Every structure is written in C-alpha cells, then in structure tokens.
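# Examining the three-dimensional arrangement
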Amino acid sequence: MPKLCQRCVKTKLTRLTMLTSGVALLVSVTLFGLSDAKRFRSGMERDLQTLADVVGASAASALDFDDEAAAAKTLAALEHKPVILRAAIYNKDNKVLASYARPGEPAAGGPPVRGRDGSRFVHGQLEVFRPIQRGADRLGTIFFLVDLSELRELIVNCVVSGIIILAGALLVAFIFSSRLQRSVSKPILDLAETTQKVLEQKDYSARAAKQSDDEVGFLIDKFNEMLGQMERHEKDLTEINTQLRRSQQEALAATEAKSHFLANMSHELRTPLNAIIGYSEMLEEEAADSGQEDLIPDLKKIKGAGKHLLALINDILDLSKIEAGKMDLYLETFDLKTLLEDVVATTRLLVQKKDNILEVRLSPDLGTMRADLTKVRQALFNLLSNASKFTEHGTIRLKAGREIGPDKAEWIVMQVQDTGIGMTPEQLGRMFQAFSQADASTVRKYGGTGLGLAITRRFCLMMGGDVTVASEIGKGSTFTIRLPSQVQEPRAEPDEKTADLLDLPQEGNTVLVVDDDPSARDLLKRFLNKQGLYVECAANGQEALDMVKRLHPTVITLDVMMPGMDGWAVLARLKEDPATADIPVIVLTIVDDTHFGHAFGATEYLTKPVDRERLLGIINKLRHPSVPGQALVVDDEPDVRDMLTRTLQRQGWTTASAADGREVLESVAAQKPDLILLDLMMPRMDGFEFVTEMRQREEWRTIPIIVITAKSLTKEDREMLEGHVQKVLLKGGFSRDELLNELRELVTECVQRAQRADVHVQI
Amino acid sequence: MAKILLVEDNEMNRDMLSRRLRRKGYEVVMAVDGEQAVAMSVSESPDLILMDMSLPVFDGWEATRRIKAEPATKSLPVIALTAHAMAGDREKSIEAGCDDYDTKPIELPRLLEKMESLLSRKPAG
C-alpha cells in the first residue's frame, strides 16, 4: 500500500507538471508557427507584386505597340525567378500578348483567361493578376502563376522545429518537475511513513519531520501534536491500568485478609463473651445466695446483652461467610422427622414465652432427605423463632411434607405459619435483605439482628431451594421453605485450580510435599512418583494449608525450617481444623526433636537427610489400600445378604456372612474382618447388643461397622449407635441402586479412615 | 461430692467455670493443656472430665483419644466443650470418644444436667 501511494503522488505531480507545460508550449509554438507563415505569405505577395510591377513597366512599350516579341522577351527574363511557373501579359482587350512557362513546366493549356486583379491560391499554387499602368491609364494585365513549394517547405520546417522545441522543452520540464515534486511529495510520504510506523509499532513517540512552512508543514505540525496527545493518553491509560491492577490485587489481598480475620474472629470474639456471660451468670447466682436480690435485674441485663451480642456476632459471621463464598455445604442423608422434632424441642420454650401454641403437622411420608443438616435446622429455627418473636397469645403452625415438582423432582416443603403482627407489602419487599428488619423500631421492640431471615434465605438458595413469604398486616405471616429432597453438591467455579484438579486420579493416593527448597521438593516428588504416588508440592506454609483444603491429600510430608510460617505452625493449623486434623503428617527436619513432633500431632518424624526406604515404608502404611480386604455381611434375610455380598465381591472384597449376632461374634473371633455390614433386627443377638459386645473388645474397636436397617431409629437408638458405627443406612430411604452406591462410597471411605486411624490412633 | 477435672487453657473461663462448679458443690481440679489433662486423668482420678477442644500441646480430641485408650481411664466420662459450634464438631467429639458434648458459652443448667446424667450412670468411686 504505501509503495503504491508513493508512486501515485510522484506520478501525479510529474504528470501534472508535464501536462501543464506541454499544453502551454504547444499553444505558443502553434501561434508562433501560424504568424510566421502569415508573415512569409504576405512578404511573398509583396515581392511578387513588385516583380509584376517591374515586369509590367518594362512591358509597357511592348503593349503600346502590341509588340508580342518584345513582351515575350520581357517575360523570358523571368527565367531567373524559378518560383514563377508561368507568366502572361494581356493587352487592353484582355488578349494574351505573350506568355511564359518555366522551362520543364508543361505549357499545356496556355495562360488562363484574365481574371480579377489580385492574388489567390488555386490548386496549391498562387495566381497573381496585376494591372500594367502608366499614370492612370491601364495598358494591360500581367499574370504570374507562382510555385508555393517553398512556402510548404517552410511550413514543414516550422512544424518540425516546433515539435523538436516542444519535445526538448518537455524533457527539461520533466527533469525539473521530477526534482521539484520531491519538495511537495517527500513531506507527504514521510508523514505517511510515520503514520504507518505509529500504527504498526504502537510507538506514539514517533514524530514526522517538518520540512516546510506550507500546508503540508501545518499538517505535519498538527499530526505531531495529535501524536503527542495520544502519547499522553496512552501513558495515562497505562498508569491507570497499573493502578487498577494494584488496587485489584490489594482488594483481593484484603478479601483474603478479611476471610482470615473472620475465621479467627469467631473464636476471638466468643472467648471474652463467654467470660462476660459466665461471670454475670455467676454473680447472679452469688447475689441470689447472699441475699443481694436488688443486684439481680442488672446482672440479668448484662447477661442478656452479652447473649444478644453473641447472637449478633454469630449472625454477622454467618452472613459474611456466605457472602465471601466461604460457607460450605456438608451434605448428608438424615431422617426429616427426627430433625423437625429436634427443632421443635429447641424452640418450645421460645414459643411459650409469649403464650403461643405450637401446632405441628408432619406428613407421614416425610422419610429422609439429603441436605446440610445444620443449615436446614438453622433455617427452620430462624423461622420458628421469628414467628414466636412477632406473635403473642397466638398459634404457630409448623407443617412439613413432600411434593413432586413440575420437573418430577421431589421437594421437601416446610411451612411456618403464625397469627402475629404480619407485614405490609412494603415490609415484605425488604423481608429477606440483610440488616433490614421490617421497621427500625421492631429491632428495639423485638430484638434480633434482622439477619436471621437473610441467612435463612441464603442457606436455602445454597441448597438449590428458596424461602417465600406471604403476609397480611394484623393477621400473620406464612413462611415456606422449599428444598430439593436430594440436594446436589454445588458446582465449583471452574477456575484454573479446579481445572487442574479434574486431571487428578480421584481415588488415588496424593502426597503433598511441603518444602521451601525447590531441589528437595523435586527430588522427593520424583522418588514418590516412581512409587506410583501422585505428588503435589507446596513451597510455603500458607500454600500448604490452601492445598490441603483443596486436595485433601492422603499423606503430607512437612519440612520444619521454612521462612514465614514454619512447619510447626502449619502442623498446628492442620490439627486445629477438624477438616484436616485426621490427615497424617510426616515431619521432616534436620533438628532431632521427636518428642516435640509427636506432641504437635505429627504422625511420623524423620530427620534429614531423609531415609527414603523408611519414608516409603511409612507412606505405604498410610496410603489407601488398593486391594480391599475381608468383609463380613450380617443379615438374617438371605436375599439381602446375597445382594450385599455380591456388591462387595464386585468391588474385590472377599466376603463371609452370618445370619445373627452370635454367629457373627464367632465369625469375628475366627477371622478379624476389615469391615462389617450389619442389620439391626436379628434373632438371638440383635445389632445393638452386637455393637456393644464388639466395642468392648480392644482389638475389635477399629473394625468399621456400617449399619443397614429397615428399622426407623429412635433418638435413643441413634445415641446408642453414635460413635460406635461409621454410618447408618436406612433400607427404606433408598432405592436398591442408591443403597448400593451409597454403600460403595462408604466402604471406600471407611477403609481409608480405618487405615489412617490404625497408624496413629487407637479408637 | 464428685471430682471434676476441668481442662481449659483460657484463664478467665477456667476461673469462672471452676468457681461456679465449686459453688454447686463439686470438687474441681484443673489442667491447662492436653498433655496435663492426660496426666491428671490418672493422677487425680476424677469422676468426670470437662474438656475444652482447642488446647495447646495437643488438643482436646487427642487428649480424649489418649484417655479413652488407657484402660485405667477409659471409662471416665468426658464432656467436650467447644466454642466452634460447627457442623461435625459433635460427631468428631463423639468419634474421639467423648461421652457428651456442649457448646460455649456454657449454659450452666444445661451442662449440669449433662454432667449429672453421666455421673449417675457411673457412680463416683
């Protein structure tokens, strides 16, 4: 493009110059030529007239006497004028007295009849008739026929030289214009080149060179000015972008800090509050004991305020956690009726406080649901306590049941209806917003943070459901929670880190190597990789903690001497968090302080340089078994026994089975199984007795037991089993396939846990 | 009267709870960390242990596991006290071998009820 343009401008300028000068030259040459020819012709005419006069004068006497011979002689003198082709003399009567023809010229036709005086061009020749006079007397006429070839020659010469001059002049014009056009085109081309450069290289510091003060110079000046502005804008933009990036990083760091702060806050705020509430309670008791009754109301106020503050803190922390996306769902399958009864029992006092009656109507087909138990409980509790708060001498109804949605999905619907103060439509609109109770005055009158409903709503949304409200002022409100009966795990944001995770072997053994020395990390990683272990590395304490949460590794190897957060701090944090406390940690250090290591909860303690065989031995002890072991299926129904046995065998277990508790005890005594699947309702010795027996034998305590039962368990049943069995699966609550799937998962999980527990803890 | 081993690292909480328990007539001995708790569970032979879960040296879960693993002390009732009140805390405490569980801030009547129920199950002595 730029090349083409260059040619364009140059050619155009040259052509322009050439055309202009060419036209001017042509016009002038033509004009000069024409005037020359005219001048020549009139000169010629004048010469001929003079000659005619001279010849006429000498022929005058011949005319007087009609002397033809004398006339002819006079004409013969024209021989010296080769231009004259023919000549003739006419007498007074217009008769030819004598004629002449140039030698070699054909005399055919003779002289023409005498014409008018004057000269005229005939057939490319010039005829001249001129009177011969003496004084005023006309004696006769003389005639010349003139050859015009000389004139023609002259014209040709004139044209040729004109062309030559024109060509020469054009050549000179071309040479000059080629030189001169540069003064115009070069600045333009330079400008074009600079523009191109700016565009291609985004180099706004480039400037076009100014060569003249004309319009192009002006254009270049303005162009440069524009570039200057762009350069400034570009710089400003870059600066703003840098600032933005910095602010973004700061904001991220601040969010991170906020999350950490919130996590610590929970404990830090509650501890002094414990003291405030506790001491005020204690003083209250002391005042009662020592008869200082007058102090009691004030102490009760301190206690009440403390409890209120605690509730506020709990709510705010919950909400912040939800909003920071730090609130996780712990999904489990639980019996809905048990949960509802539990919540009702907790809120009974609250309900009775304002003389309300609580009516509970539960549909008989409630069964189980899979959701976050704690959050469902809290959501329900919030609604019930909300209803009790705004209702006096009224009725609060709790209803719960199942519902099939339009998409065939099963929903759990729980409804809390009160006969309280109700709400206006405006108040309804703000209902679920954080920090906005229906009216500011309600806070003073009824207490609370106004966060409870916002939290309830967020919890329900997290679980894929929602809560709605209908209300009429003065008549009461109805809150309805709808949750899927099988809540799904929330889909994680597909960011880079989780994308990485997708490639991980899901049930494999992951070792997290924590060391600040890259070469140490690399060596260990390569060694462990060779042993068929998946290895992830962390270079510092914080990274390690983050990765543990993300990966939940099978084993962690932890270097002690690290800058910033050292290994002990990492270990302490891991053991503090219930989610990570059970991950075995192998501490690697150059300082030999085994006691210290174990005291901090390290599973093993190796001194550097690491004995690889020993490390591998320890890891192999801790890693998940690739081959399942022996499972014992206990059920009195042969069909169920068969089904369970087959499921386990498909997973590679060897199985034994028993039909009742006593038989199992014998079987366990004969060969200690790695897992027991247990029915509760059996003849002779039932499941409960069996569990009690099992747990009394030290060496049997570690065997994981999964209870599979059709019995709907009472609270006492559950309490009795709690802590002694891994999990209770209800036969009725699952389809056969679901039960088997759940079982498969549980079996894997149990064995992994038992494996770890085996190494560092005796349950 | 029953002898209670109170394991708590926070001085104020320890002072407060111990005074309240003493006024209710209990004999109270105190430990400040997990290690001391395990040692005193043997040396003081208490009737019941109130165990805070976030403790230095090793935490309440670990201390409970050790106490429950020791034949001499395994029948000692342990009530876990935690400020976390998080999902799974209760399960975790029960798994570690705790006999019961209560959240902080302590509500004395509720705690006393739990203590009495455990003490009556396993009479002192």
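Residues numbered from 1 in each chain as written. Chains lettered and ligands numbered in written order. Predicted model: local features only at pLDDT ≥ 70, side-chain atom pairs only at ≥ 80, totals over all residues.

## Quick word on the overall build of chain A
To keep it simple, the criterion reads: Each helix is a run of H or I in the DSSP string that is no shorter than four residues. Each strand is a run of E no shorter than two, and both are numbered from the N terminus. Note on burial: count the other C-beta atoms lying within 10 Å of the residue's C-beta; 20 or more is buried, 12 or fewer is exposed, in between is partly exposed, and C-beta positions come from the backbone. By definition, residues are in contact whenever their C-beta atoms, placed on the basis of the backbone, come within 7 Å of each other.
For chain A, the helix and strand inventory stands at 21 helices and 22 strands. The buried share of chain A, reckoned over its 763 residues, is 27%. Partitioning the contacts of chain A with sequence separation of at least 6, the portion at a separation of at least 24 is 63%.

## Describing the overall build of chain B
Regarding its fold elements, chain B presents five helices and five strands. When the helices and strands of chain B are placed in sequence order, the string is β-α-β-α-β-α-β-α-β-α. In chain B, buried positions account for 46% of the 125 residues. In chain B, 57% of the contacts between residues at least 6 apart in sequence involve partners at least 24 apart.

## Section: the sheet that holds strand S10 (residues 410-418) of chain A
All names here are of chain A. Keep this limit in mind: Two strands qualify as a pair provided DSSP detects at least 2 bridges between them. Orientation is described by lines fitted to C-alpha atoms, with helices fitted over the stretch in contact, and by angles between N-to-C directions that extend from 0 to 180 degrees.
Strand order in the open sheet made by the five strands is S7-S9-S10-S12-S11, with mixed pairing throughout. What marks the edges here is a single partner per strand, and that holds for strand S7 (357-362) and strand S11 (466-472). Between one strand and the next, the sheet's axes are offset by a mean angle of 15°, whatever the strand orientation. Sheet topology places S10 next to strand S12 (residues 476-484); seven bridges connect them, and they run antiparallel. Bridged to methionine 414 within S12 is isoleucine 481. Lying on the sheet, helix H6 (residues 336-353) is in contact with S7, strand S9 (395-404) and S10; it crosses S7 at an angle near 175°. The strands touched by helix H10 (residues 452-462) are S11 and S12; relative to S11, the strand with the most contacts, the crossing angle is about 140°.

## Looking at the interface of chain B and chain A
Put simply, the test is: Just so you know the grouping, Ala, Val, Leu, Ile, Met, Phe, Trp, Tyr, Cys and Pro go in nonpolar, Asp, Glu, Lys and Arg go in charged, and all remaining residues, Gly too, go in polar.
Counting residues at the interface gives 28 residues for chain B, matched by 25 residues for chain A. Listing elements by their share of the side of chain B that touches chain A, those giving two or more residues are helix H1 (11-23), helix H3 (60-69) and helix H4 (89-96) of chain B. With seven residues, H1 of chain B is the single largest residue contributor to the side of chain B that touches chain A. Of the residues belonging to the side of chain B that touches chain A, the class tally is 13 nonpolar, four polar and eleven charged.

## Some words on the sheet that holds strand S4 (residues 78-82) of chain B
All names here are of chain B. On the basis of which strands lie adjacent, the open sheet formed by five strands has the order S2-S1-S3-S4-S5 and parallel pairing. Either end of the sheet is taken by a strand with one partner, and the two such strands are strand S2 (27-31) and strand S5 (100-103). Within the sheet, the average angular offset between the axes of one strand and its neighbour, ignoring direction, is 20°. Relative to S2, H1 is tilted by about 165°, and along the sheet it contacts strand S1 (3-7) and S2. Contacting S1, strand S3 (48-52) and S4, H3 runs over the sheet at an angle of about 150° to S3.

## Digging into the packing of helix H13 (residues 541-551) of chain A against helix H14 (residues 567-576) of chain A
Residues and elements named next belong to chain A. Short version of the rule: Angle categories are assigned with fixed cut-offs, so that under 35 degrees is roughly parallel, over 145 is roughly antiparallel, 65 to 115 is roughly perpendicular, and the rest are oblique. Handedness of a crossing follows from how the near helix is turned relative to the far one, being left-handed for an anticlockwise turn of less than a right angle and right-handed for a clockwise one.
One way to put it is that H13 packs onto H14 with a least axis distance of 9 Å and a crossing angle of 25°. The angle between H13 and H14 falls in the class roughly parallel. Crossing geometry of H13 relative to H14 is assigned as right-handed. Facing Gly541, Ala544, Leu545 and Val548 of H13, the residues of H14 in contact are Ala569, Val570, Arg573 and Leu574. Its residues assigned to classes, the contact of H13 with H14 shows six nonpolar, one polar and one charged.

## Things to note about H14 of chain A
All names here are of chain A. Stated precisely, the cut-off is as follows: Arc definition: it is the arc formed by the directions from the helix axis to the C-beta atoms.
What H14 keeps buried is the set Gly567, Trp568, Val570, Leu571, Leu574 and Lys575. An end-on view of H14 places all buried positions within 160° of arc, on one side of the element. Contact partners of the buried residues in H14: strand S13 (510-514), H13, strand S15 (555-559) and strand S16 (585-589).

## Some thoughts on the packing of helix H2 (residues 34-43) of chain B against H3 of chain B
Residue and element names in this part refer to chain B. Closest axis-to-axis distance for the H2/H3 pair is 9 Å, and the angle between their directions is 25°. As summarised for this structure, H2 and H3 are arranged roughly parallel, according to the angle between their axes. Viewed along their axes, H2 and H3 form a crossing whose handedness is right-handed. Of the residues in H3, those touching H2 at Gly34, Ala37, Val38 and Ser41 are Gly60, Glu62, Ala63, Arg66 and Ile67.

## Re helix H18 (residues 661-670) of chain A
All names here are of chain A. Looking at H18, one finds that the buried residues are Gly661, Val664 and Val668. Buried residues in H18, looked at end-on, bunch into an arc of 55°, giving them a common side. The exposed residues of H18 that point more than 90 degrees off its buried face are Glu666, Ala669 and Ala670. Check the buried side of H18 and you find it contacts strand S18 (630-634), strand S19 (654-658) and helix H19 (687-696).

## Let's talk about unusual backbone geometry
All names here are of chain A. Phi is positive for aspartate 66, close to 50°, though the residue is something other than glycine. Here aspartate 66 shows up in the loop between helix H1 (2-64) and helix H2 (68-76). One non-glycine residue, asparagine 94, adopts positive backbone phi at about 65°. Relative to the helices and strands, asparagine 94 is located in the loop between strand S1 (84-90) and strand S2 (96-101).

## Focus on the nonpolar core
What counts here: A set of buried Ala, Val, Leu, Ile, Met, Phe, Trp, Tyr and Cys residues, joined to one another through C-beta atoms within 7 Å, is what we call a nonpolar core.
Grouped together as the largest cluster of nonpolar side chains are 33 residues, with contacts concentrated most on Ala379, Leu380, Leu383, Leu384, Val416, Cys460 and Leu483 of chain A. Residue assignment for this core shows that the elements contributing at least two residues are H6, strand S8 (368-372), helix H7 (373-389), S9, S10, H10 and S12 of chain A. For this core, the element with the highest residue contribution is H7 of chain A, accounting for six residues. Filtering out sequence-adjacent residues up to four positions away, leucine 383 of chain A remains in contact with Val416, Thr456 and Phe479 of chain A. Counting residues in hydrophobic clusters, the runner-up holds 31 residues, among them Ile4, Leu55, Ala63 and Ala80 of chain B.

## Some remarks on the pairing of S10 of chain A
Residue and element names in this part refer to chain A. Relative to S10, S9 runs antiparallel, the two being bridged by nine bridges. Its bridge partner lying in S10, glutamate 403 is registered against tryptophan 411. In this structure, the hairpin formed by S9 and S10 is closed by a connection of five residues, where lysine 408 is found at a positive phi of approximately 70°.

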